Amino acid sequence: MGKVVLVTGAARQLGGRFVRRIQRDPEVERVIAVDAVTPPHRLGSAEFVRTDIRQSAIARVLAEHAVDTVVHLAVTGGRTGGAHSTVKETNVIGTMQLLGACQKSPTVRRLVVKSSTSVYGGTSRDPAVFTETTQPKSLPAGGFAKDAAEVEGYVRGFARRRPDVAVCVLRFANILGPFADSALAEYFSIPVMPTVLGYDPRLQFVHEDDVLDVLRLAAQEPRRGTLNSGTFNIAGDGVLLLSQCSRRLGRPTLPLLLPAVTWAGSALRAVGVTDFSPEQIRLLTHGRVVETTQMREVLGFEPMYTTAETFADFARSRGSGLLPPERVGRAVDRVAAMLGADGLDDDVDAAEGAKR
């Protein structure tokens, strides 16, 4: 690993954990943690620099610290306390500024970018399993998936302009674990989980501990027989059906017609229960499974957790830690008002009973 490592997104839970993790690497001399807000968690011996990667000041940070390895974790689909437009600007404009700074830097030799398997989209016409070379049937129309696709496009352009820099893009499946703070983790914490009637999607997960390990591996100098550059799908072995997830959580589901699920998602977002976006609805309709052969044979990474083990660890950590009843209650009331159809009255009543 480079002796001076810069990590973006240090105020996020994952970024903070990675900053603390790589400090234990004997090859790392200094860690520079960067974010636009002060982290709520400790960063160990890392030097924190409060700066917005959307601004040109990030180039000065790279130069002042002679950074040779950049780990870009500020691409996120989670809510950061700001508007969705701010999240998108950080994802896309922030990445453009960071790449521009890296392009001008004479010291940067390695770039690792956190991406997502959501770049493959999610439609009924998609293949059963995606490989790294699979082209989506239709480009993501919005949300984090579109941001991630745009980010990867800018990263490819950077790699062409700076062939001397080793560039590694990691497309993570849905990240879960005891500390997960994603929209999907919030969805699995709802006492009654809205699902799309007639669909039982296949899902893959990657454990947050495996995420930290593969990020560290990608930021290191490659071992013999491996190549720490390129684009890699990262996921645990196996799949789980959404129905299996609900049973293992002990949570009932509320099957709804697709339009009703969309309305329910709007209600959940409106009362702050979860960021139930159209992108997540597509995932919970069609699912998404990726091939991970390149992760093992080229990158040389073997996850410690399977998809099922990842979900089990997440479920144990949540226990009965449901979202506050008053928040769920407002959501159920709103969904009931929006649906208001005789054919769905029984389902809404069931949801009310589960809430109580």
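For the structure itself, consult the block above.
Now for a look at the structure at hand. (Residues numbered from 1 in each chain as written. Predicted model: local features only at pLDDT ≥ 70, side-chain atom pairs only at ≥ 80, totals over all residues. Heavy atoms only, no water.)

1. Describing the side chain of Asn228
Convention followed: Working definition: helices are DSSP H or I runs of at least four residues, strands are E runs of at least two. Numbering for both runs from the N terminus. Burial classes follow relative accessibility: with a 1.4 Å probe on protein chains only, a residue under 20% of its type's maximum area counts as buried, one over 50% as exposed, and anything between as partly exposed. Within 3.5 Å is the distance limit for a polar contact, defined as a pair of N or O atoms, with the added protein rule that one can donate a hydrogen and the other accept it, and that residues adjacent in sequence qualify only through two side-chain atoms. Any pair of residues with heavy atoms lying within 4.5 Å of one another is described as a contacting pair.
Inspection of the secondary structure puts Asn228 in the loop between helix H6 (208–219) and strand S11 (230–234). Classification of Asn228 by relative accessible area gives buried; the value is 2%. In terms of polar contacts, Asn228 uses its side chain to reach the backbone carbonyl oxygen of Leu217, at 2.5 Å. Of note is the side chain of Asn228, whose polar atom sits 3.3 Å from the backbone oxygen of Gln220. For Asn228, the contacting residues outside a window of four places in its chain are Arg110, Cys168, Leu217, Ala218, Gln220, Glu221, Pro222 and Leu299.

2. So, the nonpolar core
Here is the rule: As used here, the term nonpolar core means buried Ala, Val, Leu, Ile, Met, Phe, Trp, Tyr and Cys residues forming a set that is joined through side-chain atoms within 4.5 Å.
Counting residues in each nonpolar core, the largest one holds 34 residues, and the members touching the most others are Leu6, Val34, Ile58, Val70 and Leu111. Going through the elements one at a time, strand S1 (4–8), strand S2 (30–35), helix H2 (57–65), helix H3 (84–104), strand S5 (110–116), helix H4 (143–161) and strand S6 (166–172) are the ones with two or more residues in this core. For this core, the element with the highest residue contribution is H4, accounting for five residues. Beyond its immediate chain neighbours, meaning those up to four positions away, Leu111 contacts Val70, Leu99, Phe158, Val165, Ala166, Val167 and Cys168. Grouped together as the second largest cluster of nonpolar side chains are 31 residues, Val5, Leu43, Leu217 and Met295 included.

3. Some thoughts on the environment of Ala101
Structurally, Ala101 can be placed in helix H3. Taking the C-alpha atoms as reference, Ala101 lies 6.7 Å from Ile58; in sequence the two are 43 residues apart. Apart from residues no more than four positions distant in its own chain, Ala101 is found in contact with Ile58, Ala59 and Leu62.

4. Topic: a nonpolar patch on the surface
As a reminder of what qualifies: Here, patches come from residues exposed beyond 30% relative accessible area and free of salt bridges, joined within 9 Å for like charges and within 5 Å for nonpolar side chains (Val, Leu, Ile, Met, Phe, Trp, Tyr). Residue exposure ignores everything except the shown protein chains as possible cover, and the areas themselves are Shrake-Rupley values with a 1.4 Å probe. The term salt bridge refers to a side-chain nitrogen of Lys or Arg lying within 4 Å of a carboxyl oxygen of Asp or Glu.
A cluster of nonpolar side chains, Ile93, Met96 and Tyr154, forms an exposed patch at the surface whose accessible area comes to about 240 Å². Tracing the sequence through the fold places Ile93 in helix H3. Residue class for Ile93 comes out partly exposed when judged on its relative accessible area of 38%.

5. Focus: the pairing of S6
Selection rule: DSSP bridges decide pairing: two strands pair if at least two such bridges lie between them. Crossover handedness is defined by viewing with both strands directed away from the observer: a clockwise path from the first strand over the helix to the second marks the crossover as right-handed.
Among the seven residues in S6, seven count as buried, and that is most of the element. Burial of the side chains of S6 extends over both faces: Ala166, Cys168, Leu170 and Phe172 are buried on one face and Val167, Val169 and Arg171 on the other. Examined bridge by bridge, S5 and S6 share seven bridges and lie parallel to one another. What sits directly across from Arg110, in S6, is Ala166. With respect to chirality, the unit in which S5 leads through H4 into the neighbouring parallel S6 is right-handed. As paired elements, S6 and S11 share five bridges and run parallel to each other. Residue pairing across strands places Arg171 opposite Asn233, the latter belonging to S11.

6. Focus on the packing of helix H7 (residues 242–249) against helix H11 (residues 307–318)
Two numbers describe a pair of packed helices, the interaxial angle and the distance between the axes. What counts, and what does not: In this analysis, axes come from line fits to C-alpha atoms, helices being fitted only over the stretch in contact, and the angle between any two N-to-C directions falls in the range 0 to 180 degrees. Take the far helix as the reference: if the near one is turned anticlockwise from it by less than a right angle, the crossing is left-handed, and if turned clockwise, right-handed. Three classes are used: nonpolar for Ala, Val, Leu, Ile, Met, Phe, Trp, Tyr, Cys and Pro, charged for Asp, Glu, Lys and Arg, and polar for all others, with Gly counted as polar.
Following both chains from N to C, one finds H7 and H11 inclined at 35°, their axes separated by 10 Å at the closest point. Taken as a pair, H7 and H11 cross one another with a handedness that is right-handed. Of the residues in H11, those in contact with Cys245, Arg248 and Leu249 of H7 are Ala308, Phe311, Phe314 and Ala315. Here the contact of H7 with H11 is composed, by residue class, of six nonpolar, no polar and one charged.

7. What about H6?
Here is the rule we go by: Multiplying 1.5 Å by the residue count of a helix minus one yields the expected span of that helix.
In a regular helix each residue adds 1.5 Å, so 12 residues correspond to 16 Å; H6 covers 17 Å between its end C-alpha atoms and thus fits that length. Taken across its 12 residues, H6 has nine buried, putting it largely inside the fold. Within H6, the full set of buried residues consists of Glu208, Asp210, Val211, Leu212, Val214, Leu215, Leu217, Ala218 and Ala219.

8. Describing the pairing of strand S13 (residues 253–256)
The two faces of S13 differ: Leu254 and Leu256 on one face are buried, but Thr253 and Pro255 on the other face are not. Across four bridges, strand S8 (residues 193–196) lies against S13 in parallel orientation. Within S13, the position partnered with Met193 by the bridge is Thr253.

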